[in-house]
Amino acid sequence: MAEEIKKERKKRSLSLIQPTSVPTLGNYLGAMKNWPTFQQEFDTVYGVADLHSITVRQDPQSLRKQTIELFAQLIAIGLDPDEGILFIQSHVPQHSQLGWLLNCYTQFGELNRMTQFKDKSQQHADNVNAGLFTYPCLMAADILLYQADVVPVGADQKQHLEITRDIAERFNGIYGNVFTVPEPYITKAGARIMSLQDPTRKMSKSDPNPKGSVLLTDEPSVIMKKFKSAVTDSEMSVHYGEGKDGINNLMTIYSAVTGKSFDSIESEFAGRGYGDFKKEVGEAVVAELEPVQKKFKELINDKAYLQEKWTQGAERAQIISQRTLDKAMKKIGFLAK
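In this report, the structure presented in the accompanying data block is examined. Predicted model, so just to flag it, every value in this text is computed and none were measured.

## Details of the packing of helix H5 (residues 94-103) against helix H14 (residues 303-332)
Taken N-terminus to C-terminus, the directions of H5 and H14 make an angle of 25°; their axes are 10 Å apart at the nearest point. Accordingly, the angle class assigned to the pair H5 and H14 is roughly parallel. Crossing angle aside, the handedness with which H5 passes H14 is left-handed. On H14, the residues that touch Gln94, Gln97, Leu98 and Leu101 of H5 are Gln318, Ser321, Gln322, Leu325, Ala328, Met329 and Ile332. A breakdown of the residues in the contact of H5 with H14 according to their chemical character gives 6 nonpolar, 5 polar and no charged.

## With respect to the nonpolar core
Grouped together as the largest cluster of nonpolar side chains are 50 residues, with contacts concentrated most on Trp35, Leu74, Phe227, Ile253 and Phe277. When residues of this core are assigned to their parent elements, the largest contribution, 10 residues, is made by helix H13 (residues 274-300). By size, the runner-up hydrophobic cluster in this structure holds 35 residues, among which are Leu98, Leu101, Ala148 and Ala328.

## Looking at the pattern of salt bridges
Applying the stated criterion across every chain yields a total of 16 salt bridges. Where glutamate 235 meets lysine 244, a salt bridge forms, and the shortest distance between an N and an O atom there is 3.3 Å. Of the charged contacts in the structure, one is a salt bridge between glutamate 268 and lysine 260, with a shortest N-O distance of 3.0 Å. Note on lysine 260: relative accessible area 30%, which makes it partly exposed.

## Side note on the packing of aromatic side chains
In total, this model carries 15 aromatic pairs according to the counting rule given. When the ring of tyrosine 105 is compared with that of tyrosine 175, the centres are 5.9 Å apart and the planes differ by 70°; the resulting orientation is edge-to-face. Of this pair, tyrosine 105 sits in the loop between H5 and helix H6 (108-112) while tyrosine 175 sits in helix H9 (residues 158-175); the two residues are 70 residues apart in sequence, bridging distant segments of the chain. Take tyrosine 175: its relative accessible area is 21%, and that puts it in the partly exposed class. Judged by centre distance (4.8 Å) and plane angle (65°), the rings of phenylalanine 269 and phenylalanine 277 are edge-to-face.

## Overview of H14
Given a rise of 1.5 Å per residue, 30 residues ought to cover 44 Å, and the 41 Å separating the end C-alpha atoms of H14 matches this to within 8%. The sharpest bend along H14 measures roughly 25° and falls at glutamine 318. What H14 keeps buried is the set Leu306, Lys309, Trp310, Gly313, Ala314, Ala317, Ile320, Ser321, Thr324, Leu325 and Ala328. With its phi angle positive at about 120°, glycine 333 sits one or two positions after the end of H14.

## Some words on the packing of helix H10 (residues 220-228) against H13
Where H10 contacts H13, the two axes come as close as 9 Å, and the packing angle between them is 150°. Looking at the two axes, H10 sits roughly antiparallel to H13. At the point where H10 passes H13, the crossing takes the right-handed sense. Between H10, through Pro220, Ile223, Met224, Phe227 and Lys228, and H13, the contact on the second element is made entirely by Lys278, Lys279, Val281, Gly282, Glu283, Val285, Val286, Leu289 and Gln293. Of the residues that constitute the contact of H10 with H13, the class distribution is 8 nonpolar, 2 polar and 4 charged.

## What about the pairing of strand S1 (residues 12-17)?
Within a regular strand, side chains alternate between the sheet's two faces. In terms of residue burial, S1 counts as a mostly covered element, since 5 of its 6 residues are buried. Sheet topology note: the S1/strand S2 (residues 43-48) ladder contains 6 bridges and is parallel. Residue pairing in the sheet places leucine 14 in a bridge with valine 45 of S2.

## Here we look at unusual backbone geometry
Unlike most non-glycine residues, glutamine 147 shows phi in positive territory, near 50°. Mapped onto the elements of the fold, glutamine 147 is located in the loop between helix H8 (130-144) and strand S4 (150-153). For methionine 236, which is not a glycine, the phi torsion comes out positive at approximately 65°. With respect to the element layout, methionine 236 can be found in the loop between H10 and helix H11 (245-258). By relative accessible area, methionine 236 is classed as partly exposed at 47%.

Reading the values: rules and limits
Residues numbered from 1 in each chain as written. Predicted model: local features only at pLDDT ≥ 70, side-chain atom pairs only at ≥ 80, totals over all residues. Heavy atoms only, no water. Axes fitted to C-alpha atoms, helices over the stretch in contact; angles between N-to-C directions. Helix = DSSP H or I, 4+ residues; strand = E, 2+ residues; numbered from the N terminus. Parallel < 35°, antiparallel > 145°, perpendicular 65-115°, else oblique. Left-handed = near helix turned anticlockwise from the far one by under 90°. Contact = heavy atoms within 4.5 Å. Nonpolar A, V, L, I, M, F, W, Y, C, P; charged D, E, K, R; others polar. Core = buried A, V, L, I, M, F, W, Y, C linked by side-chain atoms within 4.5 Å. Buried < 20%, exposed > 50% of the residue type's maximum accessible area, 1.4 Å probe, protein only. Salt bridge = Lys/Arg side-chain N within 4 Å of Asp/Glu carboxyl O. Phe/Tyr/Trp six-rings, centres within 6.5 Å; stacked < 30°, edge-to-face > 60°. Expected span 1.5 Å × (residues − 1). Bend = angle between axes of the 7 residues up to and from the residue. Pairing = 2+ DSSP bridges.

This is a description of form; function is not addressed.
See the structure below:
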């Protein structure tokens with residue numbers, strides 16, 4: 001009798017990204033570039049976090065446009081919507097429903113300690129709404145609904161996962177084993193990309209200086225212009241070192257898109273000026289983004305395909321999330337239909 005070979009279940013990974021603007025080169029090299037690889041290693045769930053985006057007031061037309069574009073962008077970077085789950089958050093109402101339940105299992109003091117709430121409250125002092133305060137409960141619902149084993153996080157996102165783990169452990173402590181307590185998946189180093197104009201700050205979608213951030217949709221000429229105007233220093237030597245934030249950042253970018261080590265980069269540009277270096281970094285970035293941009297342009301002109309995929313994604317997401325929601329509601333004591 002042939003021995004049955006059992007296929008080991010892949011761990012499930014979850015990542016969501018807000019459609020508040022076009023992703024930057026920092027978003028891409030810091031996280032998104034690795035996401036297609038995760039599809040081979042993990043059972044993946046990716047989503048456009050449009051519900052999270054309204055903690056800050058959004059223009060309705062822009063929100064719809066950016067949601068579609070981000071969904072297309074995720075496929076353009078190499079995510080296969082037929083392999084993993086790829087969905088739009090607001091299409092799966094289980095997120096909002098579990099988010100409310102978890103509000104009631106989260107302490108006020110825990111939410112009050114969240115760094116992002118403090119930062120955004122200062123940035124948007126005229127709209128410090130309840131959603132901005134309780135968004136970690138919705139974020140926890142995003143993760144726990146899919147029984148995610150791992151969540152890829154950077155150093156600045158650890159706090160979000162910590163509160164999710166606290167909420168899950170509290171709920172499980174009361175009702176038994178309902179939620180998988182997720183582990184952080186620390187992404188590989190070398191992906192922290194800083195602003196081209198202020199290299200002491202992370203490259204951000206919300207940078208007030210448009211020259212500081214390279215967007216995934218920037219035309220090659222725009223990308224080259226931004227790199228040519230990147231802040232450097234007066235030393236005129238391409239090497240990694242203290243007080244050389246601008247050059248350090250450009251070396252990090254060049255290394256990330258070419259795979260070259262810092263030692264190799266220093267040798268390559270020994271005796272050459274910053275003008276040469278900035279030009280070559282820009283050209284390497286243009287080459288890196290060319291296939292992504294080409295695919296994006298094809299997808300954004302095929303709305304029927306995109307709608308088909310986000311509808312399928314929502315259906316698949318609801319099957320898993322409803323199972324978790326039903327279990328949680330039963331444990332709490334809600335009456336079944």
